[in-house]
Amino acid sequence: MSHEPLISVIVPVCNAEEYLGDCLDSILAQTYCNLEILVVDDGSTDGSSDVMTRYSSCDNRVKVFSQSNLGPSAARNRALDAMTGEYVTFVDADDMISHECIEILYMLLTETCADMSVAGLTHDISHLGLNNERFETIDARGYLADVLYQRCSDNSVSAKLYKASLWKNLRFRSMRYEDLEIYPRICLNASVVTVTYAGLYYYRSHIGSFINSFSSDRLDAVRAMQSVRDYLCGTDCGKDVVNAAISRQLSASFNVFLLTCGRPEYDSLNHKTWNDIKQLRLQCLLNRRVIPKIKLGILASMAGPRILRFLNAVFNVSR
């Protein structure tokens with residue numbers, strides 16, 4: 001490819017020494033070469049800093065930034081403020097991308113005149129980069145509704161390529177589920193989204209990952225979705241997008257309710273999310289677009305919180 005525009009790759013890092021080399025290797029091996037790789041060390045206490053220094057000394061496309069442990073939102077914001085690319089993508093430090101990932105996302109974005117392109121995810125490293133030429137171009141509002149209904153893609157900012165202009169006036173809030181909170185705002189800045197079903201992004205799931213362990217940060221899902229719903233209600237995004245946000249808010253309430261069961265220190269949040277479930281469930285039950293998993297949760301909740309807790313204990317649905 002000639003006259004390639006610069007693409008910024010943002011990698012927030014906190015204690016990812018075990019995986020960071022694989023991540024950076026996958027980025028440096030891209031068939032699309034005009035990259036600036038902004039690696040932000042968010043107060044790592046393991047050997048992550050040494051890994052970053054080694055890679056930056058070998059390839060001048062790797063730029064390292066350091067900050068105290070301020071969280072992934074602040075790390076990404078630091079890189080967004082420093083980036084100079086015409087396009088931007090995010091890769092988490094424990095993940096990997098196929099060697100053609102950025103080139104494919106760039107070609108899809110430009111050839112379909114989209115504002116952002118979305119890669120398929122895989123949880124199996126052996127499937128990374130498997131050829132799949134299927135893609136579709138979608139109105140951004142319709143795409144956002146599908147994401148909030150949990151019918152396509154996901155709400156992570158990773159595994160996407162964006163025009164940098166979409167981020168001009170947007171930054172992550174200091175919270176967990178920061179992706180969930182900001183993603184609708186990014187989508188509404190766009191007009192057209194192109195989605196490919198090729199597994200170009202390897203999402204590594206491990207015991208120590210955020211989603212596989214309990215922490216109080218996981219309870220931010222409710223706060224994030226309330227922020228999303230309040231934001232969308234103040235826009236002209238359309239009724240279907242707002243209804244989709246209500247469905248996603250109910251899903252977050254189910255998850256946090258079940259996570260806080262049996263934890264006395266979170267009794268007030270447990271009661272709040274149960275009340276949210278009762279308030280939102282009928283509307284979502286009558287909405288044909290709400291996914292079956294949520295509707296089953298609604299039906300179980302009709303029998304009361306004890307039955308819902310029992311079913312969660314049996315099927316572990318809140319994990």
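Figured I'd write up the structure that's included with this text. (Residues numbered from 1 in each chain as written. Predicted model: local features only at pLDDT ≥ 70, side-chain atom pairs only at ≥ 80, totals over all residues. Heavy atoms only, no water.)

**Brief notes about the pairing of strand β4 (residues 87–90)**
- A two-sided burial pattern is seen for β4, the buried positions comprising Y87 and T89 on one face and V88 and F90 on the other.
- With four bridges connecting them, strand β1 (residues 7–13) and β4 associate as parallel partners. Each residue of the ladder has a partner; that of V9, found in β4, is T89. (Buried < 20%, exposed > 50% of the residue type's maximum accessible area, 1.4 Å probe, protein only. Helix = DSSP H or I, 4+ residues; strand = E, 2+ residues; numbered from the N terminus. Pairing = 2+ DSSP bridges.)

**Re the environment of L35**
- Along the chain, L35 turns up in strand β2 (residues 35–42).
- A C-alpha to C-alpha distance of 6.9 Å links L35 and V9, two positions 26 residues apart in sequence.
- If we skip the residues at most four places from it in the chain, L35 touches L6, I7, V9, I27, Q30, R61 and I102. (Contact = heavy atoms within 4.5 Å.)

**Digging into the nonpolar core**
- Of all hydrophobic cores here, the largest spans 70 residues; its most connected members are M116, Y143, Y162, W167, Y183 and L232.
- No other element matches helix α8 (residues 239–260), which puts twelve residues into this core.
- Leaving out residues up to four positions away in the same chain, Y162 has contacts with E86, Y87, V88, F90, D115, M116, S156, V157, W167, Y183 and I186.
- Grouped together as the second largest cluster of nonpolar side chains are 32 residues, V11, V13, L20 and A159 included. (Core = buried A, V, L, I, M, F, W, Y, C linked by side-chain atoms within 4.5 Å.)

**A short note on the pattern of salt bridges**
- Within the structure shown, the criterion is met by 16 salt bridges.
- Across the pair R61 and D59 runs a salt bridge, and its minimum N-O distance is 3.0 Å.
- Among the residues examined, D59 registers a relative accessible area of 17% and is labelled buried.
- A salt bridge links D115 to K163; the shortest N-O distance between them is 3.4 Å. On the criterion of sequence distance, the pair formed by D115 in the loop between α4 (101–111) and β6 (116–122) and K163 in strand β8 (residues 160–163) is long-range, its members being 48 residues apart.
- With relative accessibility at 13%, the residue D115 sits in the buried group.
- Taking relative accessible area as the criterion, K163 reaches 28% and is therefore assigned partly exposed. (Salt bridge = Lys/Arg side-chain N within 4 Å of Asp/Glu carboxyl O.)

**Focus: the side chain of D220**
- When you line up the elements, D220 lands in helix α7 (residues 220–233).
- With residues near it in sequence (within four places) discarded, D220 still touches M175, R176 and Y177.

**Let's talk about the packing of aromatic side chains**
- Scanning all chains against the criterion turns up nine aromatic pairs.
- Ring geometry for W167 and F172: centres 5.4 Å apart, planes at 35 degrees, overall tilted. Each member of the pair, W167 as well as F172, carries the same accessibility label: buried.
- An aromatic cluster is present here, built from F90, Y162, W167 and F172 joined pairwise through their rings.
- Note that R76 overlies the ring of F172, its terminal NZ or CZ placed 5.1 Å from the centroid.
- Across the ring face of Y231, the terminal group of R185 is positioned such that the distance to the ring centre comes to 4.4 Å. (Phe/Tyr/Trp six-rings, centres within 6.5 Å; stacked < 30°, edge-to-face > 60°. Lys NZ or Arg CZ within 6 Å of the ring centre and 35° of its normal.)

**Considering helix α5 (residues 140–148)**
- Counting buried positions along α5 gives seven out of nine residues, so the element sits mostly inside the fold.
- Three or more residues of α5 are buried, namely A140, Y143, L144, A145, D146, V147 and L148.
- Taking the backbone nitrogen of R141 as reference, a side-chain oxygen 3.0 Å away marks D139 as the first, capping residue of α5.
- Of the residues flanking the end of α5, it is Q150, one or two places downstream, whose phi is positive at about 60 degrees. (Polar contact = N/O pair within 3.5 Å; in protein donor to acceptor, adjacent residues only side chain to side chain.)

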